[in-house]
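Observations on the three-dimensional arrangement
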Amino acid sequence: MTNEGIAPVQPSHAKTSHDGLPWPGGRTLGNVAPGEFTSALMAWGIPGASHANGRSANAEAYAKHIQRIRTEGAQAAENAFMAEAAAK
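Presented here is a report on the structure given in the accompanying data block. (Residues numbered from 1 in each chain as written. Predicted model: local features only at pLDDT ≥ 70, side-chain atom pairs only at ≥ 80, totals over all residues. Heavy atoms only, no water.)

**Quick look at the overall build of the chain**
Broken down by element type, the chain carries 2 helices and 0 strands. Within the chain, the proportion of its 88 residues that are buried is 26%. As displayed, the chain has an accessible area near 6,100 Å², and 59% of this comes from carbon and sulfur atoms. (Helix = DSSP H or I, 4+ residues; strand = E, 2+ residues; numbered from the N terminus. Buried < 20%, exposed > 50% of the residue type's maximum accessible area, 1.4 Å probe, protein only. Areas by Shrake-Rupley, 256 points an atom, 1.4 Å probe, with all protein chains shown as cover.)

**Brief notes about the nonpolar core**
Leu-21, Trp-23, Leu-29, Phe-37, Leu-41, Ile-46 and Tyr-62 are the most contacted members of the largest nonpolar core, which totals 14 residues. For this core, the elements supplying multiple residues, two or more each, are helix 1 (34-44) and helix 2 (55-86). It is helix 2 that provides the largest number of residues to this core, a total of 5 residues. Sequence-distant contacts of Ile-46, that is, excluding residues within four places in its chain, are made with Leu-41, Ala-61, Tyr-62 and His-65. (Core = buried A, V, L, I, M, F, W, Y, C linked by side-chain atoms within 4.5 Å. Contact = heavy atoms within 4.5 Å.)

**Section: the side chain of Arg-55**
Inspection of the secondary structure assignment puts Arg-55 in helix 2. Buried within the structure, Arg-55 lacks any salt-bridge partner; its nearest side chain of opposite charge belongs to Asp-19, at an N-O separation of 4.7 Å. Within polar-contact distance, the side chain of Arg-55 engages the backbone oxygen of Val-32 at 2.9 Å. Setting aside its immediate chain neighbours within four residues, Arg-55 contacts His-13, Ala-14, Thr-16, Leu-29, Gly-30, Val-32, Ala-33, Pro-34 and Phe-37. (Lys, Arg positive; Asp, Glu negative; His and termini not counted. Salt bridge = Lys/Arg side-chain N within 4 Å of Asp/Glu carboxyl O. Polar contact = N/O pair within 3.5 Å; in protein donor to acceptor, adjacent residues only side chain to side chain.)

**A closer look at helix 2**
A rise of 1.5 Å per residue sets the reference length of helix 2, with its 32 residues, at 46 Å; its end C-alpha atoms lie 46 Å apart and thus fit the reference within 8%. When we look at burial in helix 2, the residues that qualify are Arg-55, Asn-58, Ala-59, Ala-61, Tyr-62, Ala-63, His-65 and Ile-66. In this structure, the buried side of helix 2 is in contact with helix 1. (Expected span 1.5 Å × (residues − 1).)

**What about the pattern of salt bridges?**
Considering all chains together, one arrives at 3 salt bridges under this definition. A salt bridge links Lys-88 to Glu-84; the nearest nitrogen and oxygen atoms lie 3.7 Å apart. Look at Lys-88 and you get exposed, because its relative accessible area is 78%.

**A few points about helix 1**
Among the residues of helix 1, those classed as buried are Phe-37, Thr-38, Ala-40 and Leu-41. Along the long axis of helix 1, the arc covered by the buried residues comes to 160°, so they all point the same way. Buried positions along helix 1 lie against helix 2. Among the residues trailing helix 1, Gly-45 stands out with phi positive, at a value near 70°. (Arc of directions from axis to C-beta.)

Here is the structure:
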């Protein structure tokens, strides 16, 4: 028997506007099961994440955390360049 004509299984949880964000391990947020998602956010100490929140609110908290990381990383790279350029 082959898998031809069989549609892939889609996640059965609610979609969010942040489903395309990267998730550790190479997946995207949209492919993370609800129980795993919230438990991971809580374990990582993501500000604003809570078991009492819905998926959308926790996705928003995760998105803010990722944006903060990106902003801080960009600032660190800029600072390193400025220091290196000033030393030459």
